[in-house]
Amino acid sequence: MTMPRFTNHHYLELHRRLRALWLQDDANYLDFTTTEQLTIHRFFAPGKDLDDEALLARRQEITKLEPSLPQRAGRAIANLDQIERIAAYRQNRAEELARNPPQPRPKGQRVTRPKGSEYNITVRGVMRPEIDIQRLACAIVHMAMDKAEKEVAAQKKRKRRLKDSD
């Protein structure tokens, strides 16, 4: 299957659609594979707020560097219409839940699954076009705090053992 070449008009339209999807909620990109997400960000730059002229110049430059990128990007967005419908459904569902939150279960009522039933958990990631310095810093701070808490707990445990052995 060959993808038609992107005209400038079509490229700009796709950039706007992908940007709207990104700005609405970057989790909408979970329906693309990580490779597709990376390709979309490299070719269409949905995370960047550029005017049409800058976008077209960027497109020309990136296509010179990676001649196969437009074709890969075309394949990556093959299901864009379906992904937009899923995103709209999620948005409507979230708004509906905000208007009518589910009622809490009565105390003591448990949710069980039938014996022998299996379920799968799927984990997906959202590719970000650039490093989010604030999130990275926050993660490092939390890791350092966790490590410090574990070291303090280990020291207390050693002190208790020494005290008990006396």
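Bear in mind the structure is a predicted one, so any value in this text is a computation, not a measurement. (Residues numbered from 1 in each chain as written. Predicted model: local features only at pLDDT ≥ 70, side-chain atom pairs only at ≥ 80, totals over all residues. Heavy atoms only, no water.)

Peer 1: Could you give me a rundown of unusual backbone geometry, with the residues and numbers involved?
Peer 2: At Ala-45, a residue that is not glycine, the phi angle is positive and equals roughly 50°. Mapped onto the secondary structure, Ala-45 falls in the loop between helix H2 (34-44) and helix H3 (52-65). (Helix = DSSP H or I, 4+ residues; strand = E, 2+ residues; numbered from the N terminus.)

Peer 1: Quick one: what's the story with the nonpolar core, residue by residue and with numbers?
Peer 2: Counting residues in hydrophobic clusters, the biggest one holds 21 residues, and the most contacted among them are Leu-18, Phe-32, Ile-40, Phe-43, Phe-44 and Ile-77. If you list the elements that add at least two residues to this core, you get helix H1 (8-24), H2, H3, helix H4 (69-76) and helix H5 (80-99). Here the element with the most residues in this core is H1; it accounts for six residues. Residues in contact with Ile-40, not counting those within four places in the same chain, are Leu-18, Tyr-29, Phe-32, Ala-45, Pro-46, Ala-76 and Ile-77. (Core = buried A, V, L, I, M, F, W, Y, C linked by side-chain atoms within 4.5 Å. Buried < 20%, exposed > 50% of the residue type's maximum accessible area, 1.4 Å probe, protein only. Contact = heavy atoms within 4.5 Å.)

Peer 1: I'd like a description of the packing of H2 against H3, backed by residues and values.
Peer 2: Axis separation between H2 and H3 bottoms out at 8 Å; the angle between their running directions is 120°. Classified by the angle between their axes, H2 and H3 sit oblique to one another. Judged by residue contacts, His-41, Arg-42, Phe-43 and Phe-44 of H2 engage Leu-55, Arg-58, Arg-59, Ile-62 and Thr-63 from H3. Grouping the amino acids of the contact of H2 with H3 by side-chain chemistry returns four nonpolar, two polar and three charged. (Axes fitted to C-alpha atoms, helices over the stretch in contact; angles between N-to-C directions. Parallel < 35°, antiparallel > 145°, perpendicular 65-115°, else oblique. Nonpolar A, V, L, I, M, F, W, Y, C, P; charged D, E, K, R; others polar.)

Peer 1: So what about the pattern of salt bridges? Which residues, and what values?
Peer 2: Taken as a whole, this structure holds eleven salt bridges when the rule is applied. Notably, a salt bridge pairs Asp-26 with Arg-128, separated by 2.4 Å at the nearest N-O pair. Here Asp-26 is found in the loop between H1 and H2, whereas its partner Arg-128 is found in the loop between H5 and helix H6 (133-165), with 102 residues between them in sequence. Its salt-bridge partner being Lys-150, residue Asp-146 comes within 3.3 Å of it at the nearest N-O pair. Separated by four residues within a single helix, Asp-146 and Lys-150 lie in helix H6, roughly one turn from each other. Judged by relative accessible area, which is 36%, Asp-146 ranks as partly exposed. When its relative accessible area of 55% is taken as the criterion, Lys-150 is described as exposed. Shared partners join several salt bridges into a network, and the residues in it are Arg-17, Asp-81 and Glu-84. (Salt bridge = Lys/Arg side-chain N within 4 Å of Asp/Glu carboxyl O.)

Nothing here speaks to function; it is all geometry.
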